[in-house]
Amino acid sequence: MSELFKAPKGTYDVVPPFSATWLAVRKALSTPPINSGYGYIETPIFEDTALFVRGVGESTDVVSKEMYTFEDKGGRSLTLKPEGTAGVLRAMLENRMDRGALPAKVWYTGPHFRYEQPQSGRYRQHTQVGVEAIGSSDPALDAEVIWMAIYAQREILGLKQVRLLVNSLGCHNCRPEYRKILVAFLDTCDLDEATRARVLINPLRVLDDKRKEVQDQLTEAPLMPDFLCADCAEHHVKVLGFLDALGVVYEQAPRLVRGLDYYVRTTFECVHDGLGAQSAIGGGGRYDGLIETLGGPPMAGVGFGLGVDRTCLAVQAEGIELSNDSQIDAFLIPIGEASQLLVIALAGKLRGSGIVSDIAFDGRSIKAAMKSADRSGARYAILIGDEELASSTVILKDLVIGTQETVAVDSVIETLIARLN
Ligand code: HAM
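Reading the values: rules and limits
Residues numbered from 1 in each chain as written. Predicted model: local features only at pLDDT ≥ 70, side-chain atom pairs only at ≥ 80, totals over all residues. Heavy atoms only, no water. Helix = DSSP H or I, 4+ residues; strand = E, 2+ residues; numbered from the N terminus. Buried < 20%, exposed > 50% of the residue type's maximum accessible area, 1.4 Å probe, protein only. Contact = heavy atoms within 4.5 Å. Polar contact = N/O pair within 3.5 Å; in protein donor to acceptor, adjacent residues only side chain to side chain. Near = heavy atom within 4 Å. Areas by Shrake-Rupley, 256 points an atom, 1.4 Å probe, with all protein chains shown as cover. Nonpolar A, V, L, I, M, F, W, Y, C, P; charged D, E, K, R; others polar. Arc of directions from axis to C-beta. Pairing = 2+ DSSP bridges. Axes fitted to C-alpha atoms, helices over the stretch in contact; angles between N-to-C directions. Domains from an automatic or database assignment. Phe/Tyr/Trp six-rings, centres within 6.5 Å; stacked < 30°, edge-to-face > 60°. Lys NZ or Arg CZ within 6 Å of the ring centre and 35° of its normal. Patch = residues over 30% accessible without salt bridge, like charges linked within 9 Å, V, L, I, M, F, W, Y side chains within 5 Å. Salt bridge = Lys/Arg side-chain N within 4 Å of Asp/Glu carboxyl O. Core = buried A, V, L, I, M, F, W, Y, C linked by side-chain atoms within 4.5 Å. Lys, Arg positive; Asp, Glu negative; His and termini not counted. Parallel < 35°, antiparallel > 145°, perpendicular 65-115°, else oblique. Left-handed = near helix turned anticlockwise from the far one by under 90°.

Draft legend 1. Looking closely at the environment of Thr266. Checked against the element boundaries, Thr266 lands in strand S9 (residues 264–272). Classification of Thr266 as buried rests on a relative accessible area of 2%. Through-space distance from the C-alpha of Thr266 to that of Pro203 is 18 Å; in sequence the pair is 63 residues apart. Ignoring anything within four residues of it in the chain, the contact list for Thr266 reads Asp142, Ile146, Asn167, Ser168, His235, Val239, Gly284, Gly285 and Arg286. A polar side-chain atom of Thr266 sits 2.6 Å from a polar atom in the side chain of Asp142.

Given below as structure tokens:
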């Protein structure tokens, strides 16, 4: 026998029964956007490499170290999307959504790819549910986006250990000035070579350094919220005021810096305390200016990306059981070959009526078939043999209570619908 193949390093398979949790999480994260007027958008899994270099920023780890880039047979440089925003904005511009009613609001879900060192909660393929809303600078839109993220996690999924961190990173007017002040401060610190190099590329990211020896030197570091221009300060206060009005509990996190370069003003992250190092289960913020960088008009935008994989880990860490939509209602068992036709036809009708049904295949003995029915978790077994065939009836067995009765074939659907509801 030849050796079995394994999933590529840093990837995993979503298989039953875990896949039921995975689907329930993805549905929960998508529900607030759907209920808030966001239309669904789906873009290609790969894009021009230059889109990410320009959109996400050359200095980010995502672009400089983590992209899956390849040349296709036509000599084009393509990259599997490492994040959703750049591709979705490209599609919105290409489809002229920037010229229609504004803000234009979309949501999406799908796999993203980053060549990272795999560990628990960090994969080379991960799935996000994201939103992007373009064409409005209204702080109420920032609040809507933040509310959608945290509502799904806290209220729909019932997560208790999620903290919402909110910050403002200023704008293209006030951040350069702050950056100078921060660099001057960091120059007085005792930092290693690699961190010094980071100071030159993106000094704000040094604030996010997790090492104690670095953090100890940063207690007095100047922080962006103290250097916001009047417009950014007003925007920030309004966002926080709207979050208060929405009843959203948050923490102000003046050191929060995100890993992508496009953010201005509002940034936020949802952090789960039961996940160890990879604790960010979602994040996002405003990216006014990015659309122009991608060749579009000067236009504001705000969005988020929520990690389905990490949210599943958070759900499991808190021992939350999510309801399983695909629970089998009825398990149909043909007794003898003659009844297989009727079983198959009846299963089609049951399924068409929304009664989740499965069938015993391969002409199994009643004993073996009943074992499969039990294992499937079905509430009812439906048995059809020669006698039932002759009288146009079925035997309906309640697998929980253990009772059984004879029911006319024509009334099986209404009987089950009445019992299951
Ligand atoms: P991000 O913070 O890079 O933001 O990713 C969003 C979420 O995806 C993270 O919070 C995390 O839960 C999940 N995630 C990221 N990388 C991995 C990984 N290697 N393994 C498992 N999960 C991962 C963005 O991607 C932005 N595009 C979000 C956004 C949209 N901002 C504005 N609009």
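That covers the picture; the talk isn't over yet.
Draft legend 2. Structural context of the site of the ligand. The local shell around the ligand holds 29 residues, among which Glu83, Glu116, Tyr123, Arg258 and Tyr263 are the closest. Backbone polar atom of Tyr123 to a nitrogen atom of the ligand: 2.9 Å apart, as the coordinates give it. Within the backbone of Phe304, a nitrogen or oxygen atom sits 3.3 Å from a nitrogen atom of the ligand. Out of a free accessible area of 660 Å², the ligand has 96% covered by protein chains. Of all the secondary-structure elements, those providing two or more residues to the shell around the ligand are strand S6 (125–134), strand S10 (280–286) and strand S11 (301–307). If you tally residues by element for the shell around the ligand, the top one is S10, at six residues. Along the lines of polarity and charge, the residues of the shell around the ligand split into 10 nonpolar, 12 polar and seven charged.

Draft legend 3. Quick peek at helix H13 (residues 366–376). Among the residues of H13, those classed as buried are Ala369, Met370, Ser372 and Ala373. Relative to the axis of H13, the buried residues are bounded by an arc of 155° and lie together on one face. Among the exposed residues of H13, those oriented more than 90 degrees off its buried face are Lys367, Lys371, Asp374 and Arg375. Buried residues along H13 sit in contact with strand S12 (330–334), strand S14 (380–384) and strand S15 (393–398). Of the residues trailing H13, Gly377 is marked for its positive phi of about 80°.

Draft legend 4. Quick peek at the sheet that holds strand S3 (residues 69–71). Here we have three strands laid out as an open sheet, ordered S2-S4-S3, and antiparallel in their pairing. Both outer strands of the open sheet, strand S2 (46–48) and S3, are each paired with one neighbouring strand and no more. Geometrically, the sheet is characterised by an average inter-axis angle of 35° between neighbouring strands, direction not taken into account. When S2 meets strand S4 (residues 77–80), the two strands line up antiparallel, connected through three bridges. Within S4, the position partnered with Phe46 by the bridge is Leu80. Each of S2, S3 and S4 is contacted by helix H2 (residues 49–56), which is oriented at about 75° to S2, the strand it contacts most.

Draft legend 5. How the structure looks around the domain arrangement of the protein chain. As assigned here, the protein chain comprises domain 1 (18–174 + 228–317) and domain 2 (330–420). Domain 1 and domain 2 are separated by 47 Å when their C-alpha centres are compared.

Draft legend 6. Summary view of the packing of aromatic side chains. The final tally for this structure, using the stated rule, is eight aromatic pairs. Note on Phe46 and Phe70: the rings are 6.3 Å apart at their centroids and 80° apart in plane angle, and the pair reads as edge-to-face. In this pair, Phe46 is assigned in strand S2 and Phe70 in strand S3, connecting sequence segments 24 residues apart. We classify Phe46 as partly exposed; its relative accessible area is 42%. Residue Phe70 is classed as partly exposed on the basis of its relative accessible area, which comes to 34%. Here the aromatic cluster, defined as three or more aromatic residues joined through ring pairs, consists of Tyr262, Tyr263 and Tyr287. Looking at Arg124, its charged tip hangs above the ring of Tyr115, at a distance of 3.9 Å from the centre.

Draft legend 7. Highlighting a nonpolar patch on the surface. On the surface, a nonpolar cluster with roughly 250 Å² of combined accessible area is contributed by Ile45, Phe46 and Phe70. By the secondary structure assignment, Ile45 is in the loop between strand S1 (39–40) and S2.

Draft legend 8. Broad picture of the nonpolar core. Judged by nonpolar contacts, the single largest core of 46 residues is most densely connected at Ile41, Leu89, Met92, Ile134, Leu186, Leu207 and Leu218. Those elements that place two or more of their residues in this core are H2, helix H3 (61–65), helix H4 (85–94), strand S5 (104–113), helix H6 (174–187) and helix H10 (290–293). Of all the elements, H4 adds the most residues to this core, at six residues. With residues up to four places along the chain from it excluded, the contact list for Ile134 reads Leu89, Met92, Asp98, Leu102, Pro103, Ala104, Tyr287, Ile291, Met299, Ala300 and Gly301.

Draft legend 9. Here's a closer look at the sheet that holds S12. Strand order in the open sheet made by the five strands is S13-S12-S14-S15-S16, with mixed pairing throughout. Two strands bound the open sheet, and with one partner strand each, they are strand S13 (357–359) and strand S16 (404–408). Pairwise comparison of adjacent strand axes, ignoring direction, gives a mean angle of 25° for this sheet. Where S12 lies against S14, five bridges are found, and the strand directions are parallel. By the bridge assignment for S14, Phe331 is matched with Ala381.

Draft legend 10. Examining the side chain of Arg175 more closely. Along the chain, Arg175 turns up in helix H6. Comment: no salt bridge for buried Arg175; closest opposite-charge side chain is Asp261, at 7.6 Å. A polar atom in the side chain of Arg175 sits 3.1 Å from the backbone oxygen of Tyr263.

Draft legend 11. Representation of the packing of helix H1 (residues 18–35) against helix H11 (residues 308–317) in the model. Running from N to C, H1 and H11 point in directions that differ by 110°, and their axes come no closer than 9 Å. The angle between H1 and H11 places the two elements in the roughly perpendicular class. Along this stretch, H1 crosses H11, giving a crossing that reads as right-handed. Residues Phe18, Thr21, Trp22, Val25, Arg26 and Leu29 of H1 lie in contact with H11, whose contacting residues are Val308, Asp309, Thr311, Cys312, Val315 and Gln316. Residues of the contact of H1 with H11, tallied by class, amount to seven nonpolar, three polar and two charged.

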